[in-house]
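Summary of the model geometry
What follows is the residue order along each chain.
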Amino acid sequence: MNKFVTCLVKVAKVLLRPFFPFKVYGDRAFPNKKSLLVGNHVSGWDAVMFTLWTKNIISFVYKAEFEKNAFLHWVFNGLECVPVRRGDVDINATKGILRLLKNDKAVCLFPEGTRNPNVDCLQEFHTGAALFAIKTHAPIRPFYIWDKTRTCRRNYMLFGEEFTLDEFYDKPISRKMLEEATEVIKNKVDELRVELNDVLAAKGVKRRKRTKKEIERIKAYNDRQQTLAKQIAAQQAAAAAISEQEPPQDDKTTQGD
């Protein structure tokens with residue numbers, strides 16, 4: 001990493017923390033080793049808040065559109081962050097992440113791929129994190145951010161225990177296997193969501209009132225999720241119906257005279 005950029009980040013930590021108060025549960029220090037830090041994505045500030053309120057400075061995966069800003073491009077390069085072009089299979093991003101992990105460096109990414117307006121649930125996770133963890137045998141550290149970051153409003157973050165996907169290490173990599181491994185990662189993050197909600201409920205902490213714009217986004221998100229669930233259910237029902245109509249296969253084959 002660029003020493004000058006890391007020094008700037010350390011100064012920013014001191015200057016910005018008072019404006020973005022966070023209560024962090026769990027160990028917020030990470031060993032300088034190969035590992036993946038994986039969490040939910042509720043705000044464009046998530047990576048910044050993660051950096052402000054953890055003790056280490058690590059590399060992030062970020063959307064390539066930010067490279068259009070010369071200052072951000074310089075900062076991200078200095079921190080060895082990896083740009084990814086969403087909507088495509090970005091080979092360069094994959095190589096960049098694997099290179100960092102193989103060099104025993106930690107990488108943070110948000111498997112949801114895009115910000116989730118509904119902080120009460122998780123979106124589906126992309127399979128990239130599982131692929132990187134399995135190919136490099138990197139341990140995973142999950143975290144959960146409670147709400148969208150707002151200036152001068154307390155937010156909360158919970159870090160879980162490190163785990164591995166070692167049950168998948170000796171299996172051939174396939175789409176189905178990656179989906180199963182991704183579900184393991186998602187469940188770990190979701191467990192943190194439930195745990196943090198319980199902790200804050202016991203303390204009497206309530207979510208802030210949503211703005212009209214946020215309510216509209218959440219409604220649109222929920223509508224999309226319901227539509228997607230119906231489409232998946234219809235596809236599964238159609239597949240089951242076709243399967244039932246197919247005649248059973250005879251183990252023996254017959255040959256004509």
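Notes on the structure in this doc start here. All values reported here derive from a predicted model rather than from experimental measurement.

**Overview of the packing of aromatic side chains**
According to the stated counting rule, one finds 15 aromatic pairs in the structure shown. With 6.1 Å between their ring centres and 80 degrees between their planes, Phe 110 and Phe 143 make a pair best called edge-to-face. Separated by 33 residues along the polypeptide, Phe 110 in the loop between strand E5 (106-109) and helix H5 (128-136) and Phe 143 in strand E6 (residues 140-145) bring together distant segments of the chain. Through a chain of ring-to-ring contacts, three or more aromatic side chains come together here, namely Phe 30, Phe 50, Phe 60, Phe 110, Phe 143 and Phe 159. Directly above the aromatic system of Trp 53 lies the positively charged group of Arg 17, at a separation of 4.8 Å from the ring centroid. A cation sits over an aromatic face here: Lys 63 above Phe 66, 5.3 Å from the ring centre.

**Examining unusual backbone geometry**
Its identity is not glycine, yet His 137 carries a phi of approximately 60 degrees, on the positive side. In this fold, His 137 is placed in the loop between H5 and E6. The phi angle at Cys 152 is positive, at roughly 60 degrees, despite the residue not being glycine. Among the structural elements, Cys 152 can be located in the loop between E6 and strand E7 (155-159).

**Thoughts on the nonpolar core**
Within the largest apolar cluster, 37 residues are counted, with the highest numbers of intra-cluster contacts made by Leu 36, Val 38, Ile 134, Ile 140, Leu 165, Ile 185 and Leu 196. Counting residues per element, this core draws most heavily on helix H6 (residues 175-202), at eight residues. Setting aside residues up to four positions removed in sequence, Ile 140 forms contacts with Leu 36, Val 38, Ala 133, Glu 161, Glu 162, Phe 163, Leu 165 and Ile 185. Formed by 28 residues, the second largest nonpolar core is a distinct cluster that contains Met 49, Ile 57, Cys 81 and Cys 108.

**Some details on the environment of Lys 209**
Note that Lys 209 resides in the loop between H6 and helix H7 (212-245). Taking C-alpha positions, Lys 209 is 23 Å from Thr 114, a pair spaced 95 residues apart along the chain.

**Some remarks on a positive patch on the surface**
Where like charges cluster on the molecular surface, the positive patch consists of Arg 86, Arg 115, Lys 213 and Arg 217. Topologically, Arg 217 is positioned in helix H7. Judged by relative accessible area, Arg 217 falls into the partly exposed class, the value being 42%.

**As for the packing of helix H1 (residues 3-16) against helix H3 (residues 70-78)**
Contact geometry of H1 with H3 gives a least axis separation of 8 Å together with a crossing angle of 105 degrees. Compared by their axis directions, H1 and H3 come out roughly perpendicular. On the side of H1, the interface is formed by Phe 4, Val 5 and Leu 8, while H3 contributes Trp 74, Val 75 and Gly 78. A per-class count over the contact of H1 with H3 returns five nonpolar, one polar and no charged.

**Things to note about the sheet that holds strand E3 (residues 59-63)**
Read across the sheet, seven strands follow the order E1-E7-E6-E2-E5-E3-E4 without closing on themselves; strand pairing throughout is mixed. Strand pairing shows two members of the sheet lacking a second neighbour, strand E1 (22-25) and strand E4 (82-84), which therefore form its edges. Going across the sheet, the axis of each strand differs from the next one's by a mean of 20 degrees, ignoring polarity. Sheet topology note: the E3/E5 ladder contains two bridges and is parallel. Residue pairing in the sheet places Phe 60 in a bridge with Cys 108 of E5.

**Looking at the pairing of E7**
The buried fraction of E7 amounts to five of the five residues, a majority that puts the element mostly inside the structure. The alternating pattern of E7 places Asn 155, Met 157 and Phe 159 and Tyr 156 and Leu 158 on opposite faces, both of which are buried. Here E1 runs beside E7; their pairing, made up of four bridges, is parallel. Each residue of the ladder has a partner; that of Val 24, found in E7, is Met 157.

Calculation rules
- Residues numbered from 1 in each chain as written.
- Predicted model: local features only at pLDDT ≥ 70, side-chain atom pairs only at ≥ 80, totals over all residues.
- Heavy atoms only, no water.
- Phe/Tyr/Trp six-rings, centres within 6.5 Å; stacked < 30°, edge-to-face > 60°.
- Helix = DSSP H or I, 4+ residues; strand = E, 2+ residues; numbered from the N terminus.
- Lys NZ or Arg CZ within 6 Å of the ring centre and 35° of its normal.
- Core = buried A, V, L, I, M, F, W, Y, C linked by side-chain atoms within 4.5 Å.
- Buried < 20%, exposed > 50% of the residue type's maximum accessible area, 1.4 Å probe, protein only.
- Contact = heavy atoms within 4.5 Å.
- Patch = residues over 30% accessible without salt bridge, like charges linked within 9 Å, V, L, I, M, F, W, Y side chains within 5 Å.
- Areas by Shrake-Rupley, 256 points an atom, 1.4 Å probe, with all protein chains shown as cover.
- Salt bridge = Lys/Arg side-chain N within 4 Å of Asp/Glu carboxyl O.
- Lys, Arg positive; Asp, Glu negative; His and termini not counted.
- Charge placed at Lys NZ, Arg CZ, Asp CG, Glu CD.
- Axes fitted to C-alpha atoms, helices over the stretch in contact; angles between N-to-C directions.
- Parallel < 35°, antiparallel > 145°, perpendicular 65-115°, else oblique.
- Nonpolar A, V, L, I, M, F, W, Y, C, P; charged D, E, K, R; others polar.
- Pairing = 2+ DSSP bridges.

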